[in-house]
Amino acid sequence: MKKRMVCGILAAYLCLLAIIFSLQNHSRKIPWHERYQVICHALGCTAEGVGLTNSREAFVYNYTRGQRVFEADIQITKDGVMVLRHDWDSDLGQEEAFGWTEDRRGPVTEEEFLNAPIYGQYTPLTLEDWFGIMETHPDIWLVTDTKYSPEVEKQFRLFVDTAVDNGYEDVLSRVIVQIYYKEMYDEVRAVYPFENILLTLYYIGYPLGEAGEAEALKDFMAGNGIPVLTMPSGWWSEEIEKDLADSGIKVFVHTVNDGAEARQRLTEGISGIYTDVILPAEFERWRQETKERESVITGD
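What you see is a predicted model; the values in this text were computed from it and never measured.

Draft legend 1. Spatial organisation of the pattern of salt bridges. Applying the stated criterion to the full structure yields 10 salt bridges. For Glu 268, the salt bridge identified is with Arg 265, shortest N-O distance 2.9 Å. Glu 268 sits in the partly exposed class, given a relative accessible area of 21%. Note on Arg 265: relative accessible area 14%, which makes it buried. What you see here is one network of salt bridges that share partners, running through Asp 73, Asp 145 and Lys 147.

Here you go:
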């Protein structure tokens, strides 16, 4: 009797493990843009409300609040190390530590970067640090913001080497490369076969009214399996919405920190947002409310 009971418990345990594995496997197969509608901009605001830090504390705070897709700004130090930082001009409370003056600013070394807490209290991250975080948090994604560069292949070779050389190649399947113009697709893919790519328009603009250009943009995205288009929130318009109708393209707008603006954009047809502060649960609630209102209006 006791033996049968033990066998029954073991069988139930194994069955439960099989169900969990099956659910996890199914979850991995769902494209990121079908699962998530919120991208946490620059790792989000810290608990104190400070934005654009790209810091460890910002990640931890926003991860615990439900964020899973994180956009990070990426720069290269003077000694050739990729780090999470928006630019080499902004102070972030590090001017003295970096030895900067009003007239002389620019890249610092990795050591200088890591030894200067952001605003005296937040921990800077190298790209290797971030890949380590992705390794220990298998449910998070990275959207890259590498800024415009005339040396894309060199830039992304360093990006990939940082992962591969440190044992983090597996996390590249959860990297969403943000490209700034059509030619960048081939430049990036020449380095590594990234599975996830999106196209942002803040560098080239939307070709509204340009004969054949909008169709060429849509054909480019469809032909290369790029499902997401991003643009500044203020660019979104009824004309662009009509232009993209029936294309299957999902549009994310940035950077939206006001709930009223997010709800308004949802009624206008966008799929998602980049934000410093809005949580996925909030956005999903607004999305469902929008769908319910539209159902009432249409009678569906």
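Draft legend 2. Structural context of the packing of helix H6 (residues 127–136) against helix H7 (residues 152–164). It is the contact of H6 with H7, at a shortest axis distance of 9 Å, that shows an interaxial angle of 50 degrees. Between H6 and H7, the interaxial angle falls into the category oblique. Between H6 and H7 the crossing geometry is right-handed. Packed against H6, whose contacting residues are Leu 127, Glu 128 and Phe 131, the element H7 presents Phe 159, Thr 162 and Ala 163 at the interface. Here the contact of H6 with H7 is composed, by residue class, of 4 nonpolar, 1 polar and 1 charged.

Draft legend 3. Summary view of the state of the cysteines. Summed over the entire model, instances satisfying the criterion amount to 0 disulfides. A disulfide-free cysteine, Cys 40 has its sulfur positioned 8.3 Å from the sulfur of Cys 45, the nearest such atom. Among the residues examined, Cys 40 registers a relative accessible area of 0% and is labelled buried.

Draft legend 4. Here's a closer look at the packing of aromatic side chains. Scanning the model with the defined rule gives 17 aromatic pairs in all. Seen from their ring centres, Tyr 185 and Phe 220 are 6.1 Å apart, and the 90 degrees between their planes marks the pair as edge-to-face. Linking Tyr 185 in helix H8 (residues 183–189) with Phe 220 in helix H9 (residues 213–223), this pair joins segments that are 35 residues apart in sequence. With a relative accessible area of 13%, Phe 220 lands in the buried category. Grouping aromatic residues by their ring pairs yields a cluster made of Phe 131, Phe 156, Phe 159, Tyr 192 and Phe 194. In this arrangement the basic side chain of Arg 68 is found over the ring face of Tyr 63, its NZ or CZ atom lying 3.8 Å from the centre. Here the guanidinium or amino end of Arg 263 rests over the ring plane of Trp 286, the centre of that ring lying 4.9 Å away.

Draft legend 5. Quick look at the nonpolar core. Core analysis: the biggest nonpolar cluster contains 63 residues, and Trp 130, Phe 131, Phe 159, Ile 179 and Phe 194 have the highest contact counts within it. In contact with Phe 131, not counting residues within four places along its chain, are Phe 159, Thr 162, Ala 163, Tyr 168, Val 171, Leu 172 and Val 175. Listed in part, the 11 residues of the second largest apolar core include Tyr 36, Ile 39, Ile 176 and Leu 198.

Draft legend 6. Quick peek at a nonpolar patch on the surface. Together, Tyr 148, Tyr 202, Tyr 203, Ile 204 and Trp 235 make up a nonpolar patch on the protein surface, roughly 500 Å² of accessible area in all. As for its placement among the helices and strands, Tyr 202 is situated in the loop between strand S6 (196–200) and H9. Using a relative accessible area of 35% as the deciding quantity, one classes Tyr 202 as partly exposed.

What counts and how
Residues numbered from 1 in each chain as written. Predicted model: local features only at pLDDT ≥ 70, side-chain atom pairs only at ≥ 80, totals over all residues. Heavy atoms only, no water. Salt bridge = Lys/Arg side-chain N within 4 Å of Asp/Glu carboxyl O. Buried < 20%, exposed > 50% of the residue type's maximum accessible area, 1.4 Å probe, protein only. Axes fitted to C-alpha atoms, helices over the stretch in contact; angles between N-to-C directions. Helix = DSSP H or I, 4+ residues; strand = E, 2+ residues; numbered from the N terminus. Parallel < 35°, antiparallel > 145°, perpendicular 65-115°, else oblique. Left-handed = near helix turned anticlockwise from the far one by under 90°. Contact = heavy atoms within 4.5 Å. Nonpolar A, V, L, I, M, F, W, Y, C, P; charged D, E, K, R; others polar. Disulfide = S-S within 2.5 Å. Phe/Tyr/Trp six-rings, centres within 6.5 Å; stacked < 30°, edge-to-face > 60°. Lys NZ or Arg CZ within 6 Å of the ring centre and 35° of its normal. Core = buried A, V, L, I, M, F, W, Y, C linked by side-chain atoms within 4.5 Å. Patch = residues over 30% accessible without salt bridge, like charges linked within 9 Å, V, L, I, M, F, W, Y side chains within 5 Å. Areas by Shrake-Rupley, 256 points an atom, 1.4 Å probe, with all protein chains shown as cover.

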